[in-house]
Amino acid sequence: MEVNSVEDLCKFLISCAFRRCRIVDELCRLSVSLKPAPPLVRISVSDTGIGSTLEEFHQLKYPNDPILDGKWDGVLCIATTSTSDKEIHHMKYDLKEVVSSKRLVTLPSATKNGAKFSGTEVSLSICEEVGGLVTMMSVFIRKMLLLKAPKIAVELSVETGGVTSQSENIVLHNECSTIPMHLANIDYLKLGLEDYVSKHGNRLVKTCHSCFSTGKNLKVGTGVACSRANGQSGRQAMEVVIIISEIPTSDLSSCFRNYGTRTEVLYFRDFSPCSMPQSSLDALISIEWKKFGLVLKSVGEQDGVTLLEWENLPPRSHIDIVLHRYHKQPMIPLCPQSNQLDRSLTRKAVKLALIGLKKSNAGVLLSERAVKICSYAPDLAKTISALIMFSHDSNFQTECFSLLGLQSRENKNNVLEDCIKDKIISVVANNDRISWGNREAPVLFEDNAHHESYLPDEEYEQGDETFSPLDL
């Protein structure tokens, strides 16, 4: 990884600390502190996860950039220890050193006096304005917290100067006691995006009760696609969560999203927020959105965020999407990703999420064809209702009411007509979900939910892996 800016370096250090904490099967703490000492600012990223193997630092490359040279001397101060170590190892890593074997300098270690603990601290001093650093790190950390890691407490603090040094907490996050400890990653991602949506894209600290006063009332779909393991990159997974929310009209400025009605697509790679690769973006664009009643108008990017704009999104509706691709084996060395594999994983996971959302929310994401058919349901229901009510065959009437689940043969307030209309719409929605390969017509007065078989993805492209949502 080439360090092109102070921002890139800070995000890299925080992401590494987060991954080290994930591996430990106990509560961990990740702390980021800023200590101004004009004209410098000392940045410290520490964690109580496993000790660093230092491999993560070997992948860093220092570019020949005069702007970065003027802000940072290229030196990282590292202190790390594992539970089994008897000492805390201190090192200095100089990225500007041309000879790679001379970059790491070992310093005197400190004894642990028999204590059993693990952790790592990486610090550096840079010439940068502290306010900009706080804003950048706050946005990055809050976005990372969308992953809802249940065993990691995170804080970002700034030490203020003066006669007595004080620390101000900018971000303090600890949900270790409020969310389940042993869910699948996709379930934590779902909880995280629900929280993100209810705070209007993290614009608020807490849920917006003006828009979500009766609960979050969100329609959610999830999808997971996994690759088979191979010697180069190991087994990989792509997880996707899609949420459709309906927000009442509000004049509050806090209720406006940063990107309006456009869909913000969040992307994570190995538990770290990052920009979406072109392969995943191509996969998103190639989805047959019209099968789900959506027409993609444009794709853009703003502030490093991928944005989707729709032609036919209902008023006050909003769609949010998050994708997370990661190695199933923790801390596997990051390797160049396969564009073809990434595209296939993304397509399959997104389509599974759309199908799941459609399955669990009747009438949502209906295709254009299904919507047109449903428009005829009221007239058809009125005709069928009249045939039943004006029939002179009492046994026929009794059987019809029984099939519809109605107790009385009275048609007060058009109960019969409404019931038939709902049944028709339900069957149309159900038929819109089942496999096109299954030509068996659904029955109007029976629940066919247990007969559903979903359309598999398009034919695998040459060289594609085989995936299964059950592989997790």
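Residues numbered from 1 in each chain as written. Predicted model: local features only at pLDDT ≥ 70, side-chain atom pairs only at ≥ 80, totals over all residues. Heavy atoms only, no water.

Below, the discussion takes up the side chain of Ser33. With respect to the helices, strands and loops of the structure, Ser33 is situated in strand 1 (residues 28-37). Judged by relative accessible area, which is 19%, Ser33 ranks as buried. Ignoring any residue separated from it by four or fewer positions in sequence, one finds Ser33 in contact with Arg42, Ile43, Ser44 and Ser157. (Helix = DSSP H or I, 4+ residues; strand = E, 2+ residues; numbered from the N terminus. Buried < 20%, exposed > 50% of the residue type's maximum accessible area, 1.4 Å probe, protein only. Contact = heavy atoms within 4.5 Å.)

Our next topic: the packing of aromatic side chains. Aromatic ring pairs are described here by two measures, namely the spacing of the ring centres and the angle between the planes. Summed over the entire model, instances satisfying the criterion amount to four aromatic pairs. Seen from their ring centres, Phe57 and Tyr93 are 6.3 Å apart, and the 40° between their planes marks the pair as tilted. Taken together, the residues Phe57 in helix 2 (residues 55-58) and Tyr93 in strand 4 (residues 87-94) connect sequence positions 36 residues apart. On the numbers, 5.0 Å between centres and 70° between planes, the contact of Trp289 with Trp310 is edge-to-face. With Trp289 in the loop between helix 6 (278-286) and strand 12 (296-302) and Trp310 in strand 13 (residues 305-310), this pair connects stretches of sequence that are 21 residues apart. Under the relative-accessibility criterion, Trp310 is labelled buried at 8%. Just above the ring of Phe117 sits the side chain of Lys112; from NZ or CZ to the centre is 4.5 Å. (Phe/Tyr/Trp six-rings, centres within 6.5 Å; stacked < 30°, edge-to-face > 60°. Lys NZ or Arg CZ within 6 Å of the ring centre and 35° of its normal.)

The next point concerns the confidence of the model for the protein chain. For the protein chain, per-residue confidence averages 82 on the pLDDT scale, and 82% of positions sit at 70 or higher. Predicted confidence is poor over residues 435-439, with pLDDT under 50, and the contacts of this stretch with residues over four places away or in other chains come to seven contacts. A low-confidence stretch, residues 445-472 (pLDDT under 50), is modelled with 65 contacts involving residues beyond four sequence positions or located in other chains. (pLDDT = per-residue confidence, 0-100.)

Attention now goes to the packing of helix 6 against helix 7 (residues 339-360). Axis separation between helix 6 and helix 7 bottoms out at 8 Å; the angle between their running directions is 40°. Comparing their axes, helix 7 and helix 6 come out oblique. Here the hand of the crossing between helix 6 and helix 7 comes out right-handed. Counted together, Ser279, Ser280, Asp282, Ala283, Leu284 and Ser286 of helix 6 and Asn339, Asp342, Arg343, Thr346, Arg347 and Val350 of helix 7 form the full contact between these two elements. Its residues assigned to classes, the contact of helix 6 with helix 7 comprises three nonpolar, five polar and four charged. (Axes fitted to C-alpha atoms, helices over the stretch in contact; angles between N-to-C directions. Parallel < 35°, antiparallel > 145°, perpendicular 65-115°, else oblique. Left-handed = near helix turned anticlockwise from the far one by under 90°. Nonpolar A, V, L, I, M, F, W, Y, C, P; charged D, E, K, R; others polar.)

Glancing now at helix 1 (residues 6-23). Taking 1.5 Å per residue as the helical rise, helix 1 with its 18 residues ought to reach 26 Å, and the 27 Å between its terminal C-alpha atoms agrees with that figure. Here helix 1 lies mainly inside the structure; 13 of its 18 residues are buried. (Expected span 1.5 Å × (residues − 1).)

So, on to the pairing of strand 9 (residues 218-226). Within strand 9, eight of the nine residues are buried, leaving the element largely enclosed by the surrounding structure. In this sheet, strand 10 (residues 236-246) lies alongside strand 9 in antiparallel orientation, the contact comprising nine bridges. Within the sheet, the bridge partner assigned to Thr222 lies in strand 10 and is Val241. (Pairing = 2+ DSSP bridges.)

With respect to topology, six strands assemble into an open sheet ordered 9-10-14-11-13-12, the strand pairing being mixed. If you trace the sheet from one side to the other, it starts and ends with strand 9 and strand 12, each paired once. Ignoring which end each strand starts from, the neighbouring axes of this sheet average 20° apart. Both strand 12 and strand 13 contribute to a ladder of six bridges, which runs antiparallel. Residue pairing across strands places Leu296 opposite Trp310, the latter belonging to strand 13. Against the sheet, helix 6 touches strand 10, strand 11 (263-269), strand 12 and strand 13, its axis set at about 160° to strand 12.

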